[in-house]
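# Descriptive analysis of the structure
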Amino acid sequence: MSIKLQTQSYLTFKLQNELFAINVGDVLEILEMSPITNVPKSPAFMKGVINLRGNILPVMDARNKFAMPDAEFTIDTCIVVLNIDSGKEPLLVGAIVDSVQKVIDIPDEDIQVSASMGAMYREDFITGIGKVEDNFVMILNIDKVFSADDVYAITES
């Protein structure tokens with residue numbers, strides 16, 4: 001009898017020197033920063049919308065979702081276009097991150113279910129913590145971090 005081990009691929013990115021990861025199956029593309037049109041009366045984490053090949057793409061600030069202080073955009077700042085589960089139709093959202101690092105493979109056995117992260121991160125935002133060499137990476141549940149309700153909040157503004 002053989003046991004087949006699963007390995008998942010993740011896109012890693014940084015926010016305020018912390019390393020996070022998103023399953024590559026949820027990432028559609030990575031965009032350079034572009035002008036963002038503000039939407040009046042939208043929540044603070046909503047930076048606005050951009051034109052993505054003729055379609056409106058809501059853009060959220062990932063730092064704000066994790067209660068991190070604002071930072072100036074740099075040449076490394078980018079927008080990660082994500083496909084989130086709305087329960088109905090696919091929803092696209094852009095997440096501003098400080099920098100995209102690389103795609104890594106993490107075997108399932110190297111991912112630990114997240115324990116309480118204290119007041120810094122909501123437990124439901126983190127699906128697990130992966131060990132990569134001597135570092136740890138927080139694997140996000142993007143359907144919780146960037147929920148469909150957040151997208152509807154900006155599209156209905």
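Let us look at the structure shown here. Note that this is a predicted model, so its numbers are computed, not measured.

## Digging into the sheet that holds strand E5 (residues 55-61)
The strand order across the open sheet formed by five strands is E3-E6-E7-E5-E4, and the pairing between neighbours is mixed. Here the strands that pair on one side only, and so sit at the sheet edges, are strand E3 (27-32) and strand E4 (46-52). Each adjacent strand pair in this sheet contributes to an overall mean axis angle of 30°, direction not counted. As paired strands, E4 and E5 are joined by six bridges and run antiparallel to one another. The residue of E5 that forms the bridge with isoleucine 50 is leucine 57.

## Some details on the pattern of salt bridges
One pass over the structure, following the stated rule, counts three salt bridges. The partner of arginine 53 in a salt bridge is glutamate 29, with the nearest N and O atoms 2.5 Å apart. On the criterion of sequence distance, the pair formed by arginine 53 in the loop between E4 and E5 and glutamate 29 in strand E3 is long-range, its members being 24 residues apart. According to the relative accessible area criterion, glutamate 29 is partly exposed, its value standing at 23%. One salt bridge connects aspartate 98 with arginine 63, and the closest N-O pair in it is separated by 2.8 Å. Remark: arginine 63 occurs in helix H1 (residues 62-65) and aspartate 98 occurs in the loop between strand E7 (91-97) and strand E8 (99-107); sequence separation between them is 35 residues. For arginine 63, a relative accessible area of 10% corresponds to the buried category.

## Re the packing of aromatic side chains
This model, assessed by the stated rule, comprises three aromatic pairs. On the numbers, 5.8 Å between centres and 20° between planes, the contact of phenylalanine 13 with phenylalanine 20 is stacked. Grouping residues by exposure puts phenylalanine 13 and phenylalanine 20 together as buried. An angle of 90° between the planes, with centres 5.7 Å apart, marks the rings of phenylalanine 66 and phenylalanine 125 as edge-to-face.

Calculation notes
Residues numbered from 1 in each chain as written. Predicted model: local features only at pLDDT ≥ 70, side-chain atom pairs only at ≥ 80, totals over all residues. Heavy atoms only, no water. Pairing = 2+ DSSP bridges. Helix = DSSP H or I, 4+ residues; strand = E, 2+ residues; numbered from the N terminus. Axes fitted to C-alpha atoms, helices over the stretch in contact; angles between N-to-C directions. Salt bridge = Lys/Arg side-chain N within 4 Å of Asp/Glu carboxyl O. Buried < 20%, exposed > 50% of the residue type's maximum accessible area, 1.4 Å probe, protein only. Phe/Tyr/Trp six-rings, centres within 6.5 Å; stacked < 30°, edge-to-face > 60°.

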